[in-house]
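One letter stands for each residue in the lines below.
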Amino acid sequence: MRGTRPEASEQRRRVWSYLVLVGLAVFFLFPLVFMFVSSLKPDSQILSDISGWRAFLPVGDVNLDNYGAVFDRVPVGRFLLNSLLVTVAIVGLGLVVNSMAGFALSRLRWRGRGLVLGVVIATLIVPFETIAVPLVYWVAHLPTLLFQDGALVYDIGWLNSYQVQIIPFVANAFSVFLFSQYFSTIPTSLDEAARIDGAGWFTIYRRIVVPLSGPAFATVAILTFLPAWNQYLWPTMVVQDETLRPVMVGMQYFFQDNPAWGEIMAYTSMITLPVLVVFLAFQRAFVSSVAASGVKG
Amino acid sequence: MTATFRLDSPADPATPEPARTPTAPAADGKRRRAKNAARRGEARAGLAMASPAIVLLLTFLIVPVLLGFALSFTNARLISPEPLRFVGFDNFVRAFTIDPTFFRSALNTFAFAAVVVPVQAGFGLFLALMVNQKIRGVTAFRVIFFIPVVTSIVVVSILWKFMYQPDGLVNSFINSITFGAWQGTAWLDNPSTALFAIIVLSVWQAVGFHMLIWLSGLQTIPEELYEAARIDGAGTWRQFRDVTWPCLRPTRIFVLITITIAALGLFVQIDVMTQGGPIDSTSTLVYHAVLTGYRQQQIGYGSALSLVFFVIVLVIALIQRHLTRDKD
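All values derive from a computational prediction rather than experimental measurement.

Structural notes on the overall build of chain A
- Helix and strand counts for chain A come out as 15 helices and 2 strands.
- Compactness check: chain A gives a C-alpha radius of gyration of 25 Å against a globular reference of 19 Å for 297 residues, more than 25% above the reference.
- Structurally, chain A occupies a C-alpha span of about 85 × 70 × 35 Å along its principal axes.
- Within the span of chain A, comprising 297 residues, buried residues form 48% of the whole.
- Contacts in chain A between residues at least 24 apart in sequence constitute 67% of all its contacts with a sequence separation of at least 6.
- Taken as a whole, chain A presents about 14300 Å² of accessible surface, with 64% of it coming from carbon and sulfur.
- Charge separation in chain A, taken as the distance between the mean sites of 19 positive and 17 negative side-chain charges, equals 19 Å.

Topic: helix α3 (residues 90-98) of chain B
All names here are of chain B.
- The complete set of buried residues in α3 reads Asn91, Phe92 and Ala95. Seen end-on, α3 carries its buried residues on one side only, within an arc spanning 100°. Seen from the buried face of α3, the exposed residues on the opposite side, beyond 90 degrees, are Thr97 and Ile98.

Observations regarding the environment of B:Arg238
- By secondary structure assignment, the location of B:Arg238 is in helix α10 (residues 236-247).
- When the C-alpha positions of B:Arg238 and B:Gln320 are compared, they lie 28 Å apart, and in sequence the two are 82 residues distant.

Things to note about the UniProt feature "domain: ABC transmembrane type-1" (unreviewed entry) in chain B
- In this structure's numbering, the residues bearing the UniProt feature "domain: ABC transmembrane type-1" (unreviewed entry) are residues 106-320 of chain B.
- In residues 106-320 of chain B, the share of helix is 74% and the share of strand is 0%. The end C-alpha atoms are 22 Å apart.

What about the packing of helix α4 (residues 76-107) of chain A against helix α10 (residues 201-209) of chain A?
All names here are of chain A.
- The contact between α4 and α10 brings their axes to 11 Å, and the two run at 110°. One finds that α4 runs roughly perpendicular with respect to α10. On α10, the residues touching Val96, Ser99, Met100, Phe103 and Arg107 of α4 are Trp201, Phe202, Ile204, Tyr205 and Val209.
- Among the residues making up the contact of α4 with α10, the classes are represented as 8 nonpolar, 1 polar and 1 charged.

Considerations on the pattern of salt bridges
All names here are of chain A.
- Per the counting criterion, the structure on display carries 10 salt bridges over all chains.
- Close ionic contact of Lys41 with Asp49 constitutes a salt bridge, the shortest N to O distance being 2.9 Å.
- Taking the relative accessible area as the measure of exposure, Lys41 reaches 1% and is therefore buried.
- Given a relative accessible area of 5%, Asp49 falls into the buried group.
- For Arg54, the salt bridge identified is with Asp49, shortest N-O distance 3.2 Å.
- Given a relative accessible area of 43%, Arg54 falls into the partly exposed group.
- Through salt bridges that share partners, Lys41, Asp49 and Arg54 make up one connected network.

Cut-offs applied
Residues numbered from 1 in each chain as written. Chains lettered and ligands numbered in written order. Predicted model: local features only at pLDDT ≥ 70, side-chain atom pairs only at ≥ 80, totals over all residues. Heavy atoms only, no water. Helix = DSSP H or I, 4+ residues; strand = E, 2+ residues; numbered from the N terminus. Rg over C-alpha atoms; globule rule 2.2 N^0.38 Å. Buried < 20%, exposed > 50% of the residue type's maximum accessible area, 1.4 Å probe, protein only. Contact = heavy atoms within 4.5 Å. Areas by Shrake-Rupley, 256 points an atom, 1.4 Å probe, with all protein chains shown as cover. Lys, Arg positive; Asp, Glu negative; His and termini not counted. Charge placed at Lys NZ, Arg CZ, Asp CG, Glu CD. Arc of directions from axis to C-beta. UniProt positions renumbered as here; feature names shortened; annotations may be inferred. Axes fitted to C-alpha atoms, helices over the stretch in contact; angles between N-to-C directions. Parallel < 35°, antiparallel > 145°, perpendicular 65-115°, else oblique. Nonpolar A, V, L, I, M, F, W, Y, C, P; charged D, E, K, R; others polar. Salt bridge = Lys/Arg side-chain N within 4 Å of Asp/Glu carboxyl O.

See the structure below:
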């Protein structure tokens, strides 16, 4: 008899928790459900469904026409390929460059190390928005080498290229910091043993430290993948050439004249779906990456 | 400017050899030479492995910061027949005295932050507490609340722009829950509601991120503290006030600062949804800096506005350092 009352109140609390959680889940999901569902409907039906539940249900004249229309209107395939290339390059090169720097800063003694580490930590607070304008000016004046008619030509300006979308984002102070934090938790006795066996530092990095640091690499990959795929401000400034545009900038096509909302929803669905799939497949790693980014308060 | 930096930069492999010790006596000279060689090897390897990152950070982070500072005092334009000229504080004087959009943008930016920071932090904490309960299926809710975070803010802005239309989803919802008593408005075309409408979607998009930060803070609190509190007869509210809240202090500072800096950098939502309008009611510091600095090609003036923004962020970061230092 004594146990029933607290148990009943516990039960009631649980029911309330679920009610609140489900209500919140609806709040967080409804815009995206609306987007995916609308992408399957003709414009006229999107507008007539809007006043009721039908807005969230794939009912009525449901088809993939909007997707076909998007492919006719803009080079989506090209945009997706551009974004994929830029994202893979930033993440891939970033893992190599930043992990090597993290290794050098956490496990090797060299002059200037303290200065470099100090500067890297200090730059963590520089928001990209503050350097965007001078950076455009800067990259517009950087020299670049081109192959033209079999000869190497020298040119000025990085605008309208893949490199301008990739190179400035490869090195990342936060990634260097995360790597060096993680690497410093691996016992240095491993390095010493390997040194005695005649291994060079690069070998130690590649054969000992990297294989032991899976979680650090996953964290950095996830934290750099999202902003790279979602880049918007920078490419709107430096990429005018249609063939080099990433997906987020490709959106501008749709607002030139009367917006066709069905096609817009199809386009946004197409560029959202890959990220959602990656997220759902790796959600455990995502969650721990974000947690890791906030650990150092 | 770049030259002075290159001097310190260890990017040049010739300069920073470690100081050589005077030649050792013959007896243990061999061993010492080997040791010195090893140390030199270590220094060389360290420098070689760090240099790609150092060169890139110098070129695309440090130089732009210094360049931005320098350009703020010039009349630089992206493409200009005019030679670069030093104009002193003209750009800043222009911003603070004769540019009404700058003043309005600063005001909007602070208004946005003043609402978003407490609302998003509080809502995030509430979500974290909800998904920190030991009940079934709680991971699924964590994932759901995080989904808007992985959705691009560009996509989110377009989606909500569509929902905010006069005959859009939001108004039809308001219409049906008030049984037609209130028709809603053209949210983004109305100067008095546009910023508020942007606040709602911004919180919706980013709150899941901060939920996870709060959650990782909550999970560092030892369970024994709660047990002790319960034995002392503390109810849910007392447990929160006397155990959870004080233990979350470091997380709290981190969350508040990251939200503040992110909120002050508001740009994409404005660019996609309103372009600063109607009548400057949604223009922000960053939007105004990009608009003048890049779209109108006045790099010098845009750099000056970016510098103002940077100084604000710097002050906030210093406050954070001060607050976290107090603790230790």
